[in-house]
Amino acid sequence: MKQLTNHPLTKWFDKNRFTILCVSLLMFFMMPSLMETFIDAWVSQAIYLSIITLASINLMQTRRKKILFSILALVASIILSATKLSKIEGNIYEKLVFGIFIIYFSMIAYNLFKQFKQIKKVDESMIIASISGYLLLGTLAFLAFCMTEVLQPGSFTNTQTILSQHSEIKNLFEMTLYSKHIISDLFYFSFISMSTIGYGDIYPVSQVARKLSVLVGIIGPFYMAIVVASIVGLFMNKPETEK
């Protein structure tokens, strides 16, 4: 397929596409906690989601894929905005939000891992790409946990506690009115599960959440084993003069 223009700025963005994606994911990781005291939560979410969208578009290596991702992001934004403004039932809106995010982040992960397989030497880009892959898997686990909570309210101990204290709550977003960190706690739980640390402060209650947690706990170490094996394999295949 036809490659993008050879403009110096375009070359720089293409060369550093893994770094840009990694930084955007780290911002997605840290921004909510850092910005919540300064600006509204919805505004901060719009900012870092826009940054991730731009980074994911930059990750694409052909003009056609960049345009496709741009159109998908625009369509997703229009659907979510229209749904939000129409004030339909909160549970339906949550399903749309997390469903679209799961699809979008899955596409980003697919393209990242596809490019990761094409790396033929151990260098900075390979290390950063592997870190980005880990962050993407953790983010997908977080979105899957959120979707589980939407489909089966009270699937985790922290959400179950809030529901037992406030029977009027109808959806996950309403829980943030009583505990503003409830969604961040699920984000924390996803990475704790994937790294198999398991502090025990939050744990799954429903059967679906438990099975999903087991799956996430398997994927984390398995991913690290594949990355390490890839790095060692590429290093061992280097000519002696390059080692």
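Everything quoted here is computed from the prediction, not taken from an experiment. Within each chain, residue numbers correspond to sequence positions counted from 1 in written order. Per-residue local features of the predicted model are confined to residues with pLDDT of at least 70, and side-chain atom pairs are confined, for both listing and counting, to 80 or more; whole-chain, interface and lining totals are unaffected and use all residues. Hydrogens and water molecules were not included; the side-chain quantities draw on all heavy atoms of the structure.

Caption draft 1: A look at unusual backbone geometry. You will see that Thr196, though not glycine, has its phi angle at about 60 degrees, which is positive. Secondary structure elements follow DSSP: runs of H or I no shorter than four residues count as helices, runs of E no shorter than two count as strands, and numbering proceeds from the N terminus. With respect to the element layout, Thr196 can be found in the loop between helix 9 (182-194) and helix 10 (207-236).

Caption draft 2: The arrangement of the packing of helix 6 (residues 124-151) against helix 9 in detail. At a closest axis distance of 8 Å, the pairing of helix 6 and helix 9 adopts a crossing angle of 125 degrees. Classified by the interaxial angle, the pair formed by helix 6 and helix 9 is oblique. Classified by chirality, the crossing of helix 9 by helix 6 is right-handed. Judged by residue contacts, Tyr134, Leu135, Leu137, Gly138, Thr139, Ala141, Phe142, Phe145 and Cys146 of helix 6 engage Ile183, Leu186, Phe187, Phe189, Ser190, Phe191 and Met194 from helix 9. Note on residue classes: Ala, Val, Leu, Ile, Met, Phe, Trp, Tyr, Cys and Pro are nonpolar, Asp, Glu, Lys and Arg are charged, and everything else, Gly too, is polar. Broken down by class, the residue content of the contact of helix 6 with helix 9 amounts to 13 nonpolar, three polar and no charged. Think of each axis as a best-fit line through the C-alpha atoms, taken over the contacting stretch in the case of a helix, with angles from 0 to 180 degrees between the N-to-C directions. For classification purposes, an angle smaller than 35 degrees is called roughly parallel, one larger than 145 roughly antiparallel, one from 65 to 115 roughly perpendicular, and anything else oblique. Left-handed describes a crossing in which the near helix is turned anticlockwise from the far one by less than a right angle; the clockwise case is right-handed. What makes two residues a contact is simply this: any of their non-hydrogen atoms within 4.5 Å.

Caption draft 3: Here's a closer look at the packing of helix 9 against helix 10. Remark: helix 9 packs on helix 10, axes separated minimally by 7 Å, with the N-to-C direction vectors making an angle of 55 degrees. It follows that helix 9 is oblique to helix 10 by the angle criterion. Of helix 10, the residues touching helix 9 (which contributes Phe189, Ser190, Ser193 and Met194) are Ser213, Val216, Gly217, Gly220 and Pro221. Broken down by class, the residue content of the contact of helix 9 with helix 10 amounts to four nonpolar, five polar and no charged.

Caption draft 4: The arrangement of the environment of Asn58 in detail. Its location among the elements puts Asn58 in helix 3 (residues 41-59). Partly exposed describes any residue whose relative accessible area lies between the buried limit of under 20% and the exposed limit of over 50%, with all areas from a 1.4 Å probe on protein chains only and scaled to the type maximum. Asn58 sits in the buried class, given a relative accessible area of 12%. Spatially, the C-alpha atom of Asn58 lies 8.2 Å from that of Leu21, the residues being 37 residues apart in sequence. Not counting residues up to four positions away in its chain, the partners in contact with Asn58 are Phe13, Asp14, Arg17, Ile20 and Lys66. Of note is the side chain of Asn58, whose polar atom sits 3.1 Å from the backbone oxygen of Phe13. Definition of a polar contact: a pair of N or O atoms within 3.5 Å, with one able to donate and the other able to accept a hydrogen when the atoms are protein atoms, and with sequence-neighbouring residues admitted only if both atoms are side-chain atoms.

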